[in-house]
Amino acid sequence: MRTKSIKPLILIAFLSIAFGQEIFAELDVNDSWIRSAPPNSKIFSGYLKFKNVSPNEITIKKMKSNAFDQIEIHSSFIEDGISSMRKIDSLRIPENSEVKLDPGGYHLMMMSPKKEIKEGNLVELIIYYKTLDRIKILRSDAMVLRDGYE
Amino acid sequence: MNRRNIIFIVLILFGITGLFTYFQSLPSLLEKKPSLVTGKILTRPMEIDNFELIDQNNEVFNKKSLVGSWTVLFFGYTNCPDVCPTTIYKLAEIKNGIKEDLPSTSFNTVLVTLDPDRDSTERLDEYIGYFDETMLGVTGTYENIQSFTSSLSVFYQRINKDQGYDFNHTASIFVFDKDGSLFATMSPANTVGELEGDFFTILNNF
C-alpha cells in the first residue's frame, strides 16, 4: 500500500525535471537565420525573434557562438537621409512582448568566422540574458540562408 | 460704409485668394508629374558631371554607361552585412518584376562602393556575383569616387571601430533616365512592393 502512494509522486518528480525547462521558459527564440555571404566574407548578419514570455523584463546582455569570434547587436537606421549603424549594448525586451531582429533594423553583427559559414548549415547561438538581477544562458541554433524564411 | 461696399470688398478678397492659390498650383498643374510614395521625381532631370569608375568586369563605368537604359544606383560597401545585401535583394526582385511585366524596358542596377581600399574589382565580382550577377559593382580611385559622390550630393563618413571600420552614408537610391540624367531619388527603407509601385509609375509615365 505504501509503495503505491509514492509512485505518482515519483512520476510527477520525473516529469517536472523532464519538462521543467518548457514549463518555466522565460525567453523564446524563433526564426533565427544568418544571411549567407560570398567566400572570404568576414562579417555576417543574423536575424531572429526574441519573445519574452515571462512577467518580468529581460535584457539581452551578450551573445556568443562557436562559429564566430565576436557577436554584437547592432541597429541599422536612417536619420536625415543618412544610413548609419549603432552598437546596442543591451537589448531590452519588456514583459510578455516580442522584439524582432530584421533586415534593415536590429541585427546580429557576426564577426570573424572561425569556420566556413555555408548556406544550409546550423550555427550555434549562445544568448546571455538578465532577468530579476540574474544572468541566465539560452542555447539556440540559426540556419544559414540566402534571404530568410519565406 | 454701406453693406454693398462690404460685400464688394469681401468678393475682391475671395478673388485675390483664389488667384493666389491658382498661381501657386500652376507649375504642378502644368507639369502633371505623378508623385512617388518612396521618394521624389526631380522637377527636371539633372545632368551630372562626367565621372570615371570601373566595374567588376574591369570595364569603364562613366556617364555614357548610363545612356540607353534606366539605371538604379546606390552606394554601399561589401563589408556591410545588413543593409547592402537587403537592398541588393530588393532591387533584384524589382528588376525581375519589371522584366516580367514591362519586358521592353531596359533596367540596370548598380552598387557603387565607398570603400575602394577593401573593394577591389575582384572582391566586387565575388560579392555581386553571389547576390545578383546581373548587377554591376563599381569602384574607382578615392578621387574619382569622391567627385562622383559630390556631384550627386552624397555624404559619406568612415567610422572606425575596434575591428575594422564602417561607413555612415546617404541612403538614397538614385534613378537615372535613359539620357543618363538624374531623374528621381527613393529611400531603400521602403518595402519591395512600395518601391516596385514607384518604379512602375516612372516607367509607365516617362
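Only a predicted model underlies this, so the values are computations on that prediction, with no experimental measurement involved.

Peer 1: Sorry, what's going on with the overall build of chain B here?
Peer 2: Within chain B, the secondary structure is distributed over five helices and ten strands. Across the 206 residues in chain B, those meeting the buried criterion constitute 48%. Within chain B, contacts between residues separated by at least 24 positions form 68% of all contacts whose residues are at least 6 apart in sequence. Accessible area of chain B: about 10,900 Å², with a carbon and sulfur share of 54%.

Peer 1: Looking at this model, I keep getting lost on the packing of aromatic side chains. Mind explaining?
Peer 2: Aromatic rings considered in pairs are described by the distance between their centres and by the relative angle of their planes. All names here are of chain A. One pass over the structure, following the stated rule, counts 15 aromatic pairs over all chains. Taking 4.8 Å as the distance between ring centres and 35 degrees as the angle between the ring planes, the aromatic pair formed by Trp33 and Tyr47 counts as tilted. Of this pair, Trp33 sits in strand 1 (residues 27–35) while Tyr47 sits in strand 2 (residues 43–52), placing them 14 residues apart in sequence. The exposure class of Trp33 is buried, given its relative accessible area of 7%. Its relative accessible area of 1% is what places Tyr47 among the buried residues.

Peer 1: Quick question: what am I supposed to make of the nonpolar core here?
Peer 2: Among soluble globular proteins, nonpolar side chains are generally buried collectively. In this structure, B:Leu91, B:Ile98, B:Met186, B:Phe199 and B:Ile202 are the most contacted members of the largest nonpolar core, which totals 34 residues. Among the secondary structure elements, those contributing two or more residues to this core are strand 4 (70–76), helix 2 (83–101), strand 5 (107–113), helix 3 (121–131), strand 8 (165–170), strand 9 (173–176), strand 10 (182–186) and helix 5 (192–205) of chain B. Setting aside residues no more than four positions away along its own chain, B:Met186 makes contact with B:Leu36, B:Thr38, B:Gly39, B:Ser172, B:Ile173, B:Val175, B:Leu195, B:Asp198, B:Phe199 and B:Ile202. Membership of the second largest hydrophobic core comes to 28 residues, among which are A:Ala67, A:Leu91, A:Met110 and A:Ile127.

Peer 1: Even after reading the chapter, I still don't get the interface of chain A and chain B, so can you show me in this structure?
Peer 2: Interface size, as often reported, equals the accessible area lost upon joining of the parts. In this assembly, 30 residues from chain A lie in contact with 24 residues from chain B. Note on chain A versus chain B: buried area summed over both sides is about 2,100 Å², and carbon and sulfur give 52% of it. Put simply, chain A and chain B have zero salt bridges between them. Counting the contacts that link chain A with chain B gives 13 residue pairs in polar contact (both at pLDDT 80 or more).

Peer 1: Can you help me understand a nonpolar patch on the surface in this one?
Peer 2: A surface patch of nonpolar side chains, amounting to about 500 Å² of accessible area, comprises B:Ile6, B:Ile7, B:Val10, B:Leu11 and B:Phe14. Residue placement: B:Ile6 occurs in helix 1 (residues 3–31).

Peer 1: What should I look at first to understand the pairing of strand 10 of chain B in this one?
Peer 2: Along any regular strand, the residues point their side chains to alternate faces of the sheet. Residue and element names in this part refer to chain B. Within strand 10, five of the five residues are buried, which leaves the element mostly enclosed by the surrounding structure. Inspection of the sheet shows strand 1 (residues 39–46) paired to strand 10 by four bridges, in the antiparallel sense. Bridging across to strand 10, Lys40 finds its partner in Thr185. Inspection of the sheet shows strand 9 paired to strand 10 by four bridges, in the antiparallel sense.

Peer 1: In this structure, what is going on with unusual backbone geometry? I would like to understand it.
Peer 2: A negative phi holds for most residues other than glycine; trans holds for most peptide bonds. All names here are of chain A. Notably, Asp80 is not glycine yet its phi reads approximately 50 degrees, a positive angle. Positionally, Asp80 belongs in the loop between strand 4 (68–79) and strand 5 (82–88). Asp80 gets classed as exposed once you look at its relative accessible area, which sits at 78%.

Peer 1: How should the sheet that holds strand 10 of chain B be read in this particular structure?
Peer 2: Sheet strands pair by backbone hydrogen bonding; their relative direction is either parallel or antiparallel. Residues and elements named next belong to chain B. Ordered by their spatial adjacency, eight strands build an open sheet running 1-10-9-4-5-6-2-3, and the pairing between neighbours is mixed. The sheet is open, and its two edges are formed by strand 1 and strand 3 (60–62), each paired on a single side. Between one strand and the next, the sheet's axes are offset by a mean angle of 30 degrees, whatever the strand orientation. As judged from the three bridges shared by strand 2 (residues 52–55) and strand 3, these two strands associate in the antiparallel manner. Within strand 3, the position partnered with Ile54 by the bridge is Val60. Packing of helix 4 (residues 142–151) onto the sheet brings it into contact with strand 1, strand 2, strand 4, strand 5 and strand 6 (136–139), and relative to strand 2 it is tilted by some 110 degrees.

Peer 1: What am I meant to see in the layout of surface pockets here?
Peer 2: Leftover empty space is mapped by rolling, across the atoms, a probe with the size of a water molecule. Within this model, the largest pocket holds a volume of roughly 460 Å³. When contributions to the lining of the largest pocket are tallied by element, the ones reaching two or more residues are strand 1, strand 2 and strand 7 (97–101) of chain A together with helix 2 of chain B. Sort the elements by how many residues they give to the lining of the largest pocket and helix 2 of chain B lands first, with four residues. Per-class residue counts for the lining of the largest pocket are eight nonpolar, two polar and nine charged.

Quick notes on the rules
- Residues numbered from 1 in each chain as written.
- Chains lettered and ligands numbered in written order.
- Predicted model: local features only at pLDDT ≥ 70, side-chain atom pairs only at ≥ 80, totals over all residues.
- Heavy atoms only, no water.
- Helix = DSSP H or I, 4+ residues; strand = E, 2+ residues; numbered from the N terminus.
- Buried < 20%, exposed > 50% of the residue type's maximum accessible area, 1.4 Å probe, protein only.
- Contact = heavy atoms within 4.5 Å.
- Areas by Shrake-Rupley, 256 points an atom, 1.4 Å probe, with all protein chains shown as cover.
- Phe/Tyr/Trp six-rings, centres within 6.5 Å; stacked < 30°, edge-to-face > 60°.
- Core = buried A, V, L, I, M, F, W, Y, C linked by side-chain atoms within 4.5 Å.
- Buried area = accessible area lost by both parts, 1.4 Å probe.
- Salt bridge = Lys/Arg side-chain N within 4 Å of Asp/Glu carboxyl O.
- Polar contact = N/O pair within 3.5 Å; in protein donor to acceptor, adjacent residues only side chain to side chain.
- Patch = residues over 30% accessible without salt bridge, like charges linked within 9 Å, V, L, I, M, F, W, Y side chains within 5 Å.
- Pairing = 2+ DSSP bridges.
- Axes fitted to C-alpha atoms, helices over the stretch in contact; angles between N-to-C directions.
- 1 Å grid on protein atoms, 1.4 Å probe; cavity = no way out; pocket = protein on both sides within 12 Å on 5 of 7 lines; lining within 4 Å.
- Points joined across faces, edges and corners; volume = space filled by probe spheres on them.
- Nonpolar A, V, L, I, M, F, W, Y, C, P; charged D, E, K, R; others polar.

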